[in-house]
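# Overview (structure and organization)
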Amino acid sequence: MKPKVYITRKLNDRVVKKIEEACEVKMWEEEEVEIPREILMKEAQEVDGLLCMLTENIDDELLSCTRNLKVVSNMAVGYNNIDITAAKNRGITVTNTPGVLTETTADLTFTLLMATARRIVESSDYLRKGKWETWSPMQLTGQDIHGATLGIIGMGRIGEAVIKRAKGFDMNIIYHNRNRKYDIEEELGVVYAGLDELLRDSDFACVLTPYTSETHHLISEREFSLMKETSVLINTARGGIVDEEALYHALKKKEIWAAGLDVFEQEPLPLDHPLLALPNVVTLPHIGSASIQTRLKMADLAAENLLRAVTKQTPEHVVV
Ligand SMILES: O=CC(=O)O
């Protein structure tokens, strides 16, 4: 009998066909609508494998309803949506999709940094709203990117890829990480800093650390008070790492100059969120890895991880 799997969002036919060669597949057929919790709970009960998105909360309650589940294959590199300890205690493998999205997410991180520094969205709206009546010396002036100091908080694969882009702009690069990365310091000529020192010295502070209980609200009121009035915060990691209320106040009080955010504490971001009322915040709907090529590679890798686990082989990217 073929293993049973459930896919929590419509994936492209090619990937689904590949999974169907080895498995009995059911899928939530919607692309833009999340699977309701009660349907997911029901579908997860009998399956051997679950291929899910970062939008699904795979918690202890859900895992406790499953009878045959062997693997949760997350189509994302971040896995804060999954209770890793609960999965481990039940002997359920959890996999993710690192590597394939590194360069694409670094592209978006740098795009967001540049868009925020040079007020690109605000300037485009200015023109479209008919406000452009003349050229004037200080109109829509932003911050220079070239020669500025970039502080990277969380030095993993994406951080390294961002550094390579920043070097093309002659930026000075400092980083903070739980463990120092001497090889990267040597290879890329970047300098380690304590978090407070990094916040004090950076013109652009870029959050790229995983979201865990230790990094929850890592950047909050105290941290914003250390930053320069001209500095820009960029977050393309997870919303919960930055205390959004503190960020709002820091921007209002002009403790920092602007923020570029691809991720939020609550996603989708409610339209009445106070951050959306500020002109110096660039907001994106969690599109870090959203290139056609990369999203297809992520789906392939999530499928490969799932197939390996349900056919008793070791997947390439095991979290636990
Ligand atoms: O945010 C996206 C991911 O973790 O892959």
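First things first, this report covers the structure right here in the doc. Note that the structure is predicted; figures quoted are calculated from it, not measured. Each chain carries its own residue numbering, running from 1 in the written order of its sequence. Only residues with pLDDT of at least 70 get local features here, since the model is predicted, and only at 80 or more are side-chain atom pairs given and counted; chain-wide, interface and lining totals rely on the full set of residues. Each side-chain value is derived from all of the structure's non-hydrogen atoms; neither hydrogens nor water enter the calculation.

### Overview of the pattern of salt bridges
Applicable threshold: The working definition used for a salt bridge is a side-chain nitrogen of Lys or Arg within 4 Å of a carboxyl oxygen of Asp or Glu. The way it works is that DSSP assigns letters per residue, a run of H or I at least four long becomes a helix, a run of E at least two long becomes a strand, and they are numbered from the N terminus. For the exposure calls, accessible area comes from a 1.4 Å probe over protein chains only, and a residue counts as buried if that area is under 20% of its type's maximum, exposed if over 50%, partly exposed in between.
Under the counting rule described, the total for this entry stands at 20 salt bridges. Between arginine 67 and glutamate 46 there is a salt bridge whose closest N-O contact spans 2.5 Å. Taken as a pair, arginine 67 in the loop between α3 (60-64) and β4 (71-74) and glutamate 46 in the loop between α2 (37-44) and β3 (49-52) lie far apart in primary sequence, 21 residues in all. Judged by its relative accessible area of 56%, arginine 67 falls in the exposed class. Since its relative accessible area comes to 34%, glutamate 46 is described here as partly exposed. For arginine 90, the salt bridge identified is with aspartate 60, shortest N-O distance 2.5 Å. Residue arginine 90 is located in the loop between α4 (84-89) and β5 (93-95), and its partner aspartate 60 is located in helix α3; the two are separated by 30 residues in the primary sequence. Looking at aspartate 60, the relative accessible area reads 36%, which means it is partly exposed. Salt bridges here are not isolated pairs; linked through shared partners, they connect Arg14, Lys18, Asp300, Glu304 and Arg308.

### Observations concerning the packing of helix α5 (residues 102-117) against helix α7 (residues 157-167)
Describing two packed helices takes the angle between their axes plus the distance from one axis to the other. Our working definition: Angles run from 0 to 180 degrees between N-to-C directions of axes, and those axes are lines fitted to C-alpha atoms, restricted for helices to the stretch in contact. Any angle that falls under 35 degrees is termed roughly parallel, while one over 145 is termed roughly antiparallel, one within 65 to 115 roughly perpendicular, and all others oblique. It is the rotation of the near helix from the far one that decides the hand of a crossing: anticlockwise by less than a right angle makes it left-handed, clockwise makes it right-handed. Should any heavy atoms of two residues lie within 4.5 Å, those residues are considered in contact. Polar here means any residue outside two lists: the nonpolar Ala, Val, Leu, Ile, Met, Phe, Trp, Tyr, Cys and Pro, and the charged Asp, Glu, Lys and Arg; Gly therefore counts as polar.
Their axes nearest at 8 Å, the elements α5 and α7 cross at an angle of 55°. Taken together, the axis directions place α5 and α7 in an arrangement best described as oblique. Judged by the twist between their axes, the crossing of α5 over α7 is right-handed. For the pair formed by α5 and α7, the contact residues are Thr102, Glu103, Thr105, Ala106, Asp107, Thr109 and Phe110 on the first element and Arg157, Ile158, Ala161, Val162, Arg165 and Ala166 on the second. In the contact of α5 with α7, the residues fall into six nonpolar, three polar and four charged.

### Some remarks on the sheet that holds β3
Definition in use: In short, DSSP must find at least two bridges between two strands for them to pair.
Ordered by their spatial adjacency, five strands build an open sheet running β2-β1-β3-β4-β5, and the pairing between neighbours is parallel. Here the strands that pair on one side only, and so sit at the sheet edges, are β2 (24-27) and β5. Averaged over all pairs of adjacent strands, the angle between their axes in this sheet comes to 15°, without regard to strand direction. Sheet topology places strand β1 (residues 4-7) next to β3; three bridges connect them, and they run parallel.

### With respect to the site of the ligand
Quick reminder of the rule: Consider each residue's heavy atoms; a residue with any of them within 4 Å of a molecule or strand counts as near. Between N or O atoms, a polar contact is any pair within 3.5 Å; within protein, one atom must be a potential hydrogen donor and the other a potential acceptor, and residues adjacent in sequence are included only when both atoms are from side chains. For the accessible areas, the method is Shrake-Rupley and the probe is 1.4 Å, while residue cover comes only from the protein chains on display.
Taken together, Leu54, Ala76, Val77, Gly78, Leu101, Arg238 and His286 make up the full set of residues near the ligand. Between the ligand and glycine 78 there is a distance of 2.8 Å, counted from an oxygen atom to a backbone nitrogen or oxygen. At 2.7 Å, a side-chain N or O of arginine 238 approaches an oxygen atom of the ligand. Calculation on the ligand without its partners gives an accessible area of 190 Å², and the protein chains cover 89% of this total.

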